[in-house]
Structure formats: structure tokens, C-alpha cells
Amino acid sequence: MARVLLDLNFPPSFHCDLCEAVGLELEPTEGEQFPAVRRRRDPRMREQVLTAYEYRCAFCGYDGRIGIVPVGLEAAHVRWWAFDGPDDVDNGLCLCSLHHKLFDKGVLGIGDSHRILVSQRFVGHSPAAREHVIALAGRPLIGPQPGARSVAAVHRSWHTSQVFHGSPRPAPVA
């Protein structure tokens, strides 16, 4: 039952944190299926989103690989799967692991002009926090490549109203 609640209400990137916070250890179960409750994810979405963004984080441009295998890059749903977000390129972003987590936690968002939003509630004093998070405020998204659909307004709006925390920071003055 815990798995069903997690799947229906939270993005997968939250599952471990939530289980840890309440002291819940879920054992993997083989062949667990609830067809009446669960929608099936489109297994092609990850590849389609990563290809649309040319295997680069849309926020920072990270593009790490080991050989030909991308590492630390993920296809993020803008409107979460658990909240009827479709497995479509226009509901996805290629993000590095750090920015995916911050996006799902509401630290980062996407403005109407496809510019990066950084929450004023985010606090980080280290050079890494300033460089990898705060400095993103107001920057344009990287990608998608020409011909690929960018994030749809309806999904950006959902993320901003339901996930993003507070007001966005102004873009830093150069």
C-alpha cells in the first residue's frame, strides 16, 4: 500500500527521502502490478527527452559520460507523473542529478520566457551553492534542439503553482 501511495502522490525522486523520514523500509516485490490503479510509463520518454536536449542539463549544460553512456543525467517530468503529467517531451527536461532534485523540491523552476527561476527561499553561502544554484536565476534554458518541443506552458504553470517555493530571485547583475 505504501508503494501505491508513493507512486500516486510523489515523483520517484522523493520516494527514498520520504521512506527514510518516516522510517519505512520497502522491500522490493517481484511482479507487483496494480493495473487498475497505475498508469504505465512510456519507456521511450527518457531517451526522447535526453535526445531533445542533446544529453545536456537544461539548467547548467552538464553532459558527463562514461564511454557512450551518460552519467548523472535524468529525464525530469515538469508536471509530475503522480499528478497526471504525461510522458511527453513537452513535459520533460534533461537535468543533471543535482538540478533534478532541486527542481522536484521547488528550489528551481521555469518562467514563462523559458528562463530559470531560483526560489528566494533557497539559502546557500558556499561558492558551490552560489555558482550551481543562485547564479542560474534568469538564465535561459539550454535546449531543446531545433525541432523538438519545449516545455508546454500548462506544465510550466503547474510546476510554478504546485512545486516552486515562494518568489523567484531576480537575475544577478553582471
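The rules behind each value
Residues numbered from 1 in each chain as written. Predicted model: local features only at pLDDT ≥ 70, side-chain atom pairs only at ≥ 80, totals over all residues. Heavy atoms only, no water. Salt bridge = Lys/Arg side-chain N within 4 Å of Asp/Glu carboxyl O. Helix = DSSP H or I, 4+ residues; strand = E, 2+ residues; numbered from the N terminus. Buried < 20%, exposed > 50% of the residue type's maximum accessible area, 1.4 Å probe, protein only. 1 Å grid on protein atoms, 1.4 Å probe; cavity = no way out; pocket = protein on both sides within 12 Å on 5 of 7 lines; lining within 4 Å. Points joined across faces, edges and corners; volume = space filled by probe spheres on them. Nonpolar A, V, L, I, M, F, W, Y, C, P; charged D, E, K, R; others polar. Core = buried A, V, L, I, M, F, W, Y, C linked by side-chain atoms within 4.5 Å. Contact = heavy atoms within 4.5 Å. Phe/Tyr/Trp six-rings, centres within 6.5 Å; stacked < 30°, edge-to-face > 60°. Arc of directions from axis to C-beta.

## Examining the pattern of salt bridges
Within this structure, the stated rule accounts for 3 salt bridges. Between Arg44 and Asp42 there is a salt bridge, with its nearest N and O atoms 2.9 Å apart. In this structure, Arg149 engages Asp90 in a salt bridge whose closest nitrogen and oxygen atoms are separated by 3.8 Å. In this pair, Arg149 is assigned in the loop between helix H5 (127-132) and helix H6 (153-162) and Asp90 in the loop between strand E3 (73-77) and strand E4 (92-96), connecting sequence segments 59 residues apart. Residue class for Asp90 comes out buried when judged on its relative accessible area of 16%.

## What to know about the layout of surface pockets
Approximately 290 Å³ is the volume attributed to the second largest pocket. Taken together, 17 residues line the second largest pocket, and the ones lying closest to its centre are Pro12, Arg41, Ala75, His77 and His100. Of all the secondary-structure elements, those providing two or more residues to the lining of the second largest pocket are helix H2 (12-22), helix H3 (45-52), E3 and helix H4 (97-104). Tallying contributions element by element places E3 first for the lining of the second largest pocket, with 4 residues. Split by residue class, the lining of the second largest pocket holds 8 nonpolar, 3 polar and 6 charged.

## Focus: the nonpolar core
Soluble globular proteins tend to pack their nonpolar side chains together in the buried interior. Judged by nonpolar contacts, the single largest core of 32 residues is most densely connected at Tyr53, Phe59, Leu93, Leu95, Phe103 and Leu108. At the level of secondary structure, the elements contributing two or more residues to this core comprise H3, E3, E4, H4, strand E5 (108-110) and strand E6 (116-118). Apart from the residues lying within four places of it in its own chain, the contact partners of Phe59 are Leu93, Leu95, His99, Phe103, Leu108, Gly109, Ile110, Ile116, Leu136, Arg139, Leu141 and Ile142.

## What to know about the packing of aromatic side chains
Tallied over the entire structure, the rule returns 4 aromatic pairs. Arranged with centres 5.7 Å apart and planes meeting at 40°, the rings of Phe83 and Trp158 form a pair that is tilted. Residue Phe83 is found in the loop between E3 and E4, and its partner Trp158 is found in helix H6; the two are separated by 75 residues along the sequence. With a relative accessible area of 33%, Phe83 lands in the partly exposed category. Relative accessible area serves as the criterion here: at 10%, Trp158 is assigned to the buried category.

## Re H3
Taken residue by residue, H3 has Met45, Val49, Leu50 and Ala52 as its buried positions. For H3, the buried positions fall inside an angular range of 160° around the axis, keeping them on one side. Residues of H3 that are buried make contact with strand E2 (69-70), E3 and E4.

## Re H6
The set of residues buried in H6 consists of His155, Arg156, Trp158 and His159. All buried residues of H6 lie within an arc of 160° about the axis, which places them on one face of the element. Those residues of H6 that are exposed and aimed more than 90 degrees away from the buried face are Val154 and Ser161. Buried residues along H6 sit against H4 and E5.

## Brief notes about the side chain of His155
Residue placement: His155 occurs in helix H6. If sequence neighbours within four positions are ignored, His155 has contacts with Val78, Arg79, Pro86, Asp90 and Asn91.

## A word on unusual backbone geometry
Here the amide bond leading from Gly143 into Pro144 is cis, since omega sits at 5°, within 30 degrees of zero. Following the sequence through the fold, Pro144 ends up in the loop between H5 and H6. A positive phi angle, close to 65°, is found at Asp84, a residue other than glycine. Mapping Asp84 onto the fold places it in the loop between E3 and E4. Unlike most non-glycine residues, His114 shows phi in positive territory, near 60°. With respect to the element layout, His114 can be found in the loop between E5 and E6. The class for His114 is partly exposed, based on a relative accessible area of 23%.

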